[in-house]
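Examination of the molecular architecture
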Protein chains: 2
Amino acid sequence: MPLEIREIGAGEFGSVWPIFQAVVSAGDSYAYDPATTLEQARDSWTTPPARCFVAEEAGVAVGAYCLKPNQPGLGNHVANAGYMVAPNARGRGVASSLCRHSLDVARAAGFLAMQFNFVAASNEVAIRLWQRHGFATVGRVPLAFRHSRLGLTDVLVMHRRL
Amino acid sequence: MPLEIREIGAGEFGSVWPIFQAVVSAGDSYAYDPATTLEQARDSWTTPPARCFVAEEAGVAVGAYCLKPNQPGLGNHVANAGYMVAPNARGRGVASSLCRHSLDVARAAGFLAMQFNFVAASNEVAIRLWQRHGFATVGRVPLAFRHSRLGLTDVLVMHRRL
């Protein structure tokens, strides 16, 4: 089924929310509090300069990402992105499509690089995927993530130029 | 002169502001936009969970720091801190006192580690200081800082357990 990826505003975040909630409540990939509310998630992902994009199949949201400057001011030439895929849409390239789309959008917006600050070292599938999309590991922070099943887990910093 | 370090709220941030402004307008250490306003700085440094501490000599502010969780939720056992010293108070250990104080406060607050995300690789004085306080470089992000004089400059991620 063709995947359509488009930018949305706060008013459409409701379609992303079930995906956000499923991903965050698992506690195995993002630092977000598993009890993050819809309002907090929406503000975090849609308040400028953050931009939110949704991936839809036949009008049904199957994934989303947030793109924003990784730092304010003198660091805002480096983008940051976070990707989420609905549990029932995994294993068929949605994350890869989201990543590719975000790299194009970031480049078009003038960012010079993209950085991920918090990639769980246990998330080998994601790490391999980001590597295939040109990201290199530039840092490793010991025990920075309280993984829901694995406990204290290292976190990778990954980066690529655009 | 004895240095007194104490926690302040938003209502006392006015004494920190000239220091913040001097440090940030130099554009050689922090990512903050050099045009950051008093209101933005105050919100960033005093809105919980951020906590602001000021160092005073005879009641005059000579330095300050902000302590906060480096991540929300499942990453909030790692602290983050940023230190600033007034230009006319440099070279006599104020930053070192601020760092030592922040490590004690962070430990008392239950943080398990402290992480700096954005140490300009050009800031050798600061890097040596953090190393003396037990921090190790755990990452290096290429060209992540637009240094006001040096242009695109690498950034270090530094870390220590508490």
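All of the points below concern the structure found in this document. These numbers were taken from a predicted model, which means no experiment stands behind them.

When its secondary structure is counted, chain A shows four helices and seven strands. Rg of the C-alpha trace for chain A: 15 Å, near the compact-globule value of 15 Å for 162 residues, within the 12% margin. Per-residue burial over chain A gives 51% buried out of 162 residues. Sequence separation of at least 24 residues holds for 61% of the intrachain contacts in chain A that already meet a minimum separation of 6. Summed over all atoms, the accessible surface of chain A reaches about 7,100 Å², with 53% contributed by carbon and sulfur. Of the charged side chains in chain A, 15 are positive and 12 negative, and the gap between their average positions amounts to 8 Å.

Attention now moves to the pattern of salt bridges. Tallying each qualifying case throughout the model produces 14 salt bridges over all chains. One salt bridge in this structure joins Arg149(A) and Asp28(A), with 3.6 Å as the shortest N-O distance. With Arg149(A) in the loop between strand E6 (136–147) and strand E7 (151–161) and Asp28(A) in the loop between helix H1 (17–26) and helix H2 (38–46), the pair connects residues that are 121 residues apart, well separated along the chain. Judged by relative accessible area, Arg149(A) falls into the exposed class, the value being 61%. The exposure class of Asp28(A) is partly exposed, given its relative accessible area of 23%. Glu57(B) is the salt-bridge partner of Arg92(B), the closest N and O atoms lying 2.6 Å from each other. Taken together, the positions of Arg92(B) in the loop between strand E4 (78–85) and helix H3 (94–108) and Glu57(B) in strand E2 (residues 51–57) put the pair 35 residues apart, joining distant regions of the chain. Arg92(B) sits in the partly exposed class, given a relative accessible area of 47%. What you see here is one network of salt bridges that share partners, running through Arg6(A), Glu12(A) and Glu56(A).

Note on placement: Arg140(B) falls in strand E6 (residues 136–147). Assessed through its relative accessible area of 44%, Arg140(B) is described here as partly exposed. It is 6.7 Å that separates the C-alpha atoms of Arg140(B) and Asp154(B), two residues lying 14 residues apart in sequence. Excluding its chain neighbours within four sequence positions, the residues that come into contact with Arg140(B) are Val138(A), Ala121(B), Asp154(B), Val155(B) and Leu156(B). A distance of 2.8 Å separates the side chain of Arg140(B) from the side chain of Asp154(B), its partner in a polar contact.

Moving on to the interface of chain B and chain A. Listed as interface residues are 30 residues of chain B and, on the opposing side, 30 residues of chain A. Among the residues of chain B in contact with chain A, Leu74(B), His77(B) and Arg146(B) are the three that bury the most area, contributing 28% of the side total. The interface formed by chain B and chain A holds zero salt bridges in total. Between chain B and chain A we count 14 residue pairs in polar contact (both at pLDDT 80 or more) in total. Elements that contribute at least two residues to the side of chain B that touches chain A include exactly strand E5 (113–120), E6 and strand E7 (151–161) of chain B. No other element matches E6(B), which puts nine residues into the side of chain B that touches chain A.

Moving on, we come to empty space enclosed by the protein. One simple way to see leftover space: roll a probe sized like a water molecule over the atoms. Taken as a whole and assessed by the stated rule, the structure comprises one cavity of 30 Å³ or more. Put simply, the largest cavity is a space of about 40 Å³. As for the largest cavity, its lining consists of Asn70(A), Gln71(A), Gly75(A), Val78(A), Gln115(A), Asn117(B), Phe118(B), Val141(B), Ala144(B) and Val155(B). Going through the elements one at a time, E5 and E6 of chain B are the ones with two or more residues in the lining of the largest cavity.

Moving on, we come to the relation of the copies chain B and chain A. When chain B is brought onto chain A, the operation consists of a screw motion whose angular component is 180 degrees and whose axial shift is 0.0 Å, with 0.0 Å RMSD remaining. Seen this way, the second copy is the image of the first under a two-fold rotation axis. In terms of C-alpha distance to the rotation axis, chain B has Gly139(B) as its closest residue, with the C-alpha 1.8 Å off the axis.

The next subject is the packing of aromatic side chains. By convention here, two paired aromatic rings are described through the distance between centres and the angle between planes. Residue and element names in this part refer to chain B. All chains considered together, the criterion is met by 24 aromatic pairs over all chains. Their ring planes at 20 degrees and their centres at 6.0 Å tell us that Trp17 and Phe20 sit as a pair that is stacked. Highlighted residues: Trp17 and Phe20, both in helix H1 (residues 17–26), separated by three residues, approximately one helical turn. The class of Trp17 is buried, set by a relative accessible area of 15%.

Calculation criteria
- Residues numbered from 1 in each chain as written.
- Chains lettered and ligands numbered in written order.
- Predicted model: local features only at pLDDT ≥ 70, side-chain atom pairs only at ≥ 80, totals over all residues.
- Heavy atoms only, no water.
- Helix = DSSP H or I, 4+ residues; strand = E, 2+ residues; numbered from the N terminus.
- Rg over C-alpha atoms; globule rule 2.2 N^0.38 Å.
- Buried < 20%, exposed > 50% of the residue type's maximum accessible area, 1.4 Å probe, protein only.
- Contact = heavy atoms within 4.5 Å.
- Areas by Shrake-Rupley, 256 points an atom, 1.4 Å probe, with all protein chains shown as cover.
- Lys, Arg positive; Asp, Glu negative; His and termini not counted.
- Charge placed at Lys NZ, Arg CZ, Asp CG, Glu CD.
- Salt bridge = Lys/Arg side-chain N within 4 Å of Asp/Glu carboxyl O.
- Polar contact = N/O pair within 3.5 Å; in protein donor to acceptor, adjacent residues only side chain to side chain.
- Buried area = accessible area lost by both parts, 1.4 Å probe.
- 1 Å grid on protein atoms, 1.4 Å probe; cavity = no way out; pocket = protein on both sides within 12 Å on 5 of 7 lines; lining within 4 Å.
- Points joined across faces, edges and corners; volume = space filled by probe spheres on them.
- Least-squares fit on C-alpha atoms with pLDDT ≥ 70 in both.
- Phe/Tyr/Trp six-rings, centres within 6.5 Å; stacked < 30°, edge-to-face > 60°.

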